[in-house]
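Here are the chains, one letter per residue:
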Amino acid sequence: MRRQIEIGLLFSRAGSYALIAGSGRAGALQAIDEINADPALDLTFIPVERDPQGNIDLYQPLCAEILSATSARHVIGTTTSWSRKEVIPTLEKAGGTLWYPCPYEGFEASDHVVYTHACPNQHLVPLMEWALPRYGRRAYLVGSNYIWGWESNRVARDLVVAAGGTVLGERYLRLGDTDVSRMIEEVRATRPDFILNSLIGPSSYEFLSALAQLRQQDAALGAVPVLTCNVTECELPAIGAVAEGLVSVGPYFHGATGWPGDGQVFESSMEAAAHVAVRTLAALLAHRPGAEALSLQSLLDRPDDALHGIDPATHHLTLPSLIAEVRDGRFKVVAERAAVHPDPYLSRRIEIRPPDRPSLRVITQ
Amino acid sequence: MSRGLYVPNLGGARAVIVHRPHPTVAALKRQLGAIGLSVEACWPELPASAVMADYIFFDVDMGHDSQFPWKPGDAPMPMIALIGSEAPGRIEWALSQKAAGKILKPVGDGGVFSALLIARQTFDARNAMAAEIADLRARLSERQTVVQAVMLLARTAGSEERAYDQLRQMAMSWRVTIEQAAARMIAHGAPAAGSRLRQK
């Protein structure tokens, strides 16, 4: 007799970041199907879905509803850091756990959250260490006007300045806003060596599109590279041809074999991270009757080698750090680090930023 | 776009928690560990190694002066108050310890990182200000010496204004403060007209 365990899914199916949320939702649902079909397990996951529709004010009530109206104690989802922070107090009150499957800006290690995607020492720091010697040290920073954009650009600024570079400009757009004209004018005026783009969804698509137009009008601007920590394959169709040359960083790109491993192929790291979340939860609950009611703290109160890769101090994962460039409409990995230990507070900077950079391997294709 | 906040390198920093065994200690240890600090909890006595800690978290509910191996307010590192009862007497005691940050109990899921940053900045700013005030005080107390030196110099310089200007030039060439130059000059006696003072 398999244990029937309800788990919450909290992904927006509408709104400015629906593509990212949809990718995570697909990964979670796929993992649930696999687990339910696995004869070696003693449990069946029953998804309890709520759709906040990209409305920030719906996350908290819908999360509370999952935790009060059903027996679910684990919720997979939220996409923006803003929505994750909205639901944490609710999780604290109800003793619930959130499995958060997106890259984020770090400086958090909640007792009620497992972070299955990358934090800055796994995305932004390796990306900047790779980019600064290649492209130059004059940076232009853009981002969406909330904590992801702000903190990503703050860390980027620190890294650029520490490398002796300068930040030529830093501009923000409200989530969903597509008026990128000022940013484009500033890029034209300042001619940066590279642009770090932490815009989300349509703002980002519009920026990339306007930048492509600028390149056509202004050949001297050349191929000013655009870097991002949050664009994955799930958004490439929406961005279209102007994504060409975009450089991204993440623990996984379509077809990568290192993580999550097991020969499984995912559309994007967003899908992979949500899949890993469900799979890891299943591994923690399997053959432990009653464990589904435990708090995360109790669930993880076991030897480190039984935590399925979750760092007990930070609840983050050790992840590869892959840098990939869009070529012919697909991400091609151009550099990788195999396993980067999570450091969400960037407090182990000396370890992660050695003076030389021997750990980056260049892949020629 | 100036950089406002200095983020100290917390990886490998040491924190000591002065609190009786309690879930508060476990919650603090978890947060500190996640940030990257090493943590030691103690109660009621502080271990000798506490003087080498980078941060002290101390219980305001049960704490008292004699627990600490320094005079109240003289801790050589930032002190962060763990406040349960907000009774004025207890707040007063926390302030007498010159707490540079605070966290309210019960300690939950957050609060430690911001407390660390705020305490570090407050502590450093307070020390810098204290050093500046001590320096200004010392210079103030040397006013008499400066007046004496100017009077001595005025005998040969002709006017107090010229004497003061001479003293200032001496200080500049010796690379010392005006007060130090004045003290040195008095110790050597007034120079003869046109002669140069040699640096001791």
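Nothing here was measured: the structure is a model prediction, and the numbers come from that model.

Side note on the overall build of chain A
Okay, so step 1: Broken down by element type, chain A carries 11 helices and 13 strands.
Okay, so step 2: The C-alpha radius of gyration computed for chain A amounts to 20 Å, which stays within 12% of the reference 21 Å derived for 365 residues, consistent with globular compactness.
Okay, so step 3: With respect to the principal axes defined by its C-alpha atoms, chain A has extents near 70 × 40 × 35 Å.
Okay, so step 4: Looking at chain A as a whole, 52% of its 365 residues qualify as buried.
Okay, so step 5: Taking all contacts inside chain A whose residues are at least 6 apart in sequence as the whole, residues at least 24 apart take part in 71%.

Some words on the sheet that holds strand 4 (residues 79–83) of chain B
Residues and elements named next belong to chain B.
Okay, so step 1: With parallel pairing, the 5 strands of this open sheet are ordered in space as 2-1-3-4-5. Looking along the sheet, the strands with just one partner apiece sit at the ends: strand 2 (38–42) and strand 5 (101–104). The average undirected angle you get between the axes of adjacent strands in this sheet is 20 degrees.
Okay, so step 2: Alignment of strand 1 (residues 14–18) against strand 3 (residues 55–59), held across 4 bridges, turns out to be parallel.

A word on the pairing of strand 4 (residues 97–100) of chain A
All names here are of chain A.
Okay, so step 1: Neither face of strand 4 is exposed, since Thr97 and Trp99 on one face and Leu98 and Tyr100 on the opposite face are all buried.
Okay, so step 2: Bridge analysis of strand 3 (residues 74–77) against strand 4 gives 3 bridges, and the strand direction is parallel. In the sheet register, isoleucine 76 faces strand 4, and the bridge partner there is tryptophan 99.
Okay, so step 3: As for the winding sense of the linkage, the β-α-β connection from strand 3 through helix 3 (residues 81–94) to strand 4 is right-handed.

Re the domain arrangement of chain B
Okay, so step 1: When the domains of chain B are assigned, the result is domain 1 (14–137) and domain 2 (142–188).
Okay, so step 2: Its C-alpha centre places domain 1 of chain B at a distance of 47 Å from the equivalent point of domain 2 of chain B.

Considering the interface of chain B and chain A
The extent of an interface is frequently quoted as the accessible surface area lost upon association of the parts.
Okay, so step 1: Contacts between the two partners involve 12 residues from chain B and, on the opposite side, 17 residues from chain A.
Okay, so step 2: In terms of residue count, the dominant contributor to the side of chain B that touches chain A is helix 1 (residues 23–35) of chain B (4 residues).
Okay, so step 3: Among the residues forming the side of chain B that touches chain A, the class breakdown is 5 nonpolar, 5 polar and 2 charged.

Side note on the environment of B:His19
Residues and elements named next belong to chain B.
Okay, so step 1: Within the fold, histidine 19 resides in the loop between strand 1 and helix 1.
Okay, so step 2: By the C-beta count within 10 Å, which is 23 here, histidine 19 ends up buried.
Okay, so step 3: Setting aside anything within four residues of it in sequence, one finds histidine 19 in contact with Thr24, Val25, Ala41, Trp43, Asp59 and Leu82.

Digging into the confidence of the model for chain B
Okay, so step 1: Looking at chain B, the pLDDT average stands at 90 and 92% of residues meet or exceed 70.
Okay, so step 2: The ipTM, which scores confidence in the relative placement of chains, is 0.78 for this predicted complex, and the corresponding pTM is 0.85.

Considering the nonpolar core
Okay, so step 1: Counting 150 residues, the largest nonpolar core has A:Ala277, A:Val278, B:Ala15, B:Tyr55, B:Ile56, B:Phe57 and B:Ile80 as the members making the most contacts within it.
Okay, so step 2: Ranked by residues supplied to this core, first place goes to helix 9 (residues 269–285) of chain A with 11 residues.
Okay, so step 3: With residues up to four places along the chain from it excluded, the contact list for B:Ile56 reads B:Val16, B:Val18, B:Ala50, B:Ala75, B:Met77, B:Met79 and B:Ile80.

Looking at the domain arrangement of chain A
All names here are of chain A.
Okay, so step 1: What the domain assignment reports for chain A is domain 1 (3–117 + 254–317) and domain 2 (124–251 + 320–362).
Okay, so step 2: For domain 1 versus domain 2, the distance between C-alpha centres works out to 27 Å.
Okay, so step 3: For the side of domain 1 that touches domain 2, the elements supplying multiple residues, two or more each, are helix 1 (18–36), helix 3 and helix 9.
Okay, so step 4: A per-element tally of the side of domain 1 that touches domain 2 places helix 1 first, with 3 residues.
Okay, so step 5: Its residues placed into classes, the side of domain 1 that touches domain 2 shows 12 nonpolar, 12 polar and 4 charged.

Re the sheet that holds strand 3 of chain A
Residue and element names in this part refer to chain A.
Okay, so step 1: Across the sheet, 5 strands lie side by side as 2-1-3-4-5; this open sheet has parallel pairing. Both outer strands of the open sheet, strand 2 (43–50) and strand 5 (113–115), are each paired with one neighbouring strand and no more. Along the sheet, successive strands turn relative to each other by an average axial angle of 25 degrees, direction set aside.
Okay, so step 2: One ladder, built from 3 bridges, connects strand 4 with strand 5; its direction is parallel. Bridge pairing links tyrosine 100 to tyrosine 115 in strand 5.

A look at the confidence of the model for chain A
Okay, so step 1: Confidence in the prediction for chain A averages 93 pLDDT; 95% of positions are at 70 or higher.
Okay, so step 2: Between residues 350–358 of chain A, whose pLDDT stays under 50, and residues either more than four places distant or in other chains, the model counts 7 contacts.

Quick notes on the environment of B:Glu92
All names here are of chain B.
Okay, so step 1: Along the polypeptide, glutamate 92 turns up in helix 2 (residues 88–96).
Okay, so step 2: The exposure class assigned to glutamate 92 is exposed, which follows from the 10 C-beta atoms found within 10 Å.
Okay, so step 3: Distance in space between the C-alpha atoms of glutamate 92 and valine 60 is 9.7 Å, their sequence separation being 32 residues.

A word on unusual backbone geometry
Okay, so step 1: Note the cis peptide between A:Trp259 and A:Pro260, where omega equals -5 degrees.
Okay, so step 2: Note on placement: A:Pro260 falls in the loop between strand 10 (247–250) and helix 9.
Okay, so step 3: Note the cis peptide between B:Lys105 and B:Pro106, where omega equals 0 degrees.
Okay, so step 4: For B:Pro106, the position within the fold is in the loop between strand 5 and helix 3 (112–141).
Okay, so step 5: With a phi angle near 60 degrees, A:Phe107 is a residue other than glycine that sits in the positive phi range.
Okay, so step 6: Secondary-structure assignment places A:Phe107 in the loop between strand 4 and strand 5.
Okay, so step 7: Judged by local crowding, A:Phe107 falls into the buried class, with 20 C-beta atoms found within 10 Å.
Okay, so step 8: Notably, A:His287 is not glycine yet its phi reads approximately 60 degrees, a positive angle.
Okay, so step 9: Looking at the element boundaries, A:His287 is found in the loop between helix 9 and helix 10 (296–299).

A word on the packing of helix 5 (residues 160–174) of chain B against helix 6 (residues 178–188) of chain B
Two packed helices can be described by the angle between their axes and the distance between those axes.
Residues and elements named next belong to chain B.
Okay, so step 1: At a minimum axis separation of 8 Å, helix 5 and helix 6 run at an interaxial angle of 100 degrees. Overall, the two elements helix 5 and helix 6 adopt an arrangement that is roughly perpendicular. Along its contact with helix 5, which presents Leu167, Arg168, Met170, Ala171 and Trp174, the element helix 6 presents Ile178, Ala181, Ala182 and Met185.
Okay, so step 2: Looking at the contact of helix 5 with helix 6, its residues break down into 8 nonpolar, no polar and 1 charged.

Conventions adopted
- Along each chain, numbering runs from 1 in the same order as the chain's sequence is written.
- Ligands are numbered from 1 and chains lettered from A, in the order in which they are written.
- Restriction of local features to residues with pLDDT of at least 70 applies here, the model being predicted, together with a cutoff of 80 or more for giving and counting side-chain atom pairs; totals for whole chains, interfaces and linings are based on all residues.
- Counting from the N terminus, the helices are the DSSP runs of H or I reaching at least four residues and the strands are the DSSP runs of E reaching at least two.
- Here the radius of gyration uses the C-alpha set of atoms, whereas the globule reference equals 2.2 Å times the residue count to the power 0.38.
- Labels follow a simple rule on C-beta atoms placed from the backbone: if 20 or more others lie within 10 Å of a residue's own, it is buried; if 12 or fewer, it is exposed; otherwise it is partly exposed.
- Note that contacts rest on C-beta atoms placed from the backbone: two residues are in contact if these are within 7 Å.
- Strand pairing is assigned whenever DSSP identifies at least 2 bridges connecting the two strands.
- Lines fitted to the C-alpha atoms define the axes, with helices restricted to the stretch that makes contact. Angles between their N-to-C directions range from 0 to 180 degrees.
- Think of it like this: strands point away, you trace from the first strand over the helix to the second, and a clockwise trace means the crossover is right-handed.
- Domain delimitation in this document rests on an assignment produced automatically or drawn from a domain database.
- Gly is placed with the polar residues, together with every amino acid not listed as nonpolar (Ala, Val, Leu, Ile, Met, Phe, Trp, Tyr, Cys and Pro) or charged (Asp, Glu, Lys and Arg).
- Per-residue confidence from the predictor is reported as pLDDT, a score between 0 and 100.
- To form a nonpolar core, buried Ala, Val, Leu, Ile, Met, Phe, Trp, Tyr and Cys residues must be joined through C-beta atoms within 7 Å.
- By definition in this entry, angles of less than 35 degrees are roughly parallel, angles greater than 145 are roughly antiparallel, angles of 65 to 115 are roughly perpendicular, and the rest are oblique.

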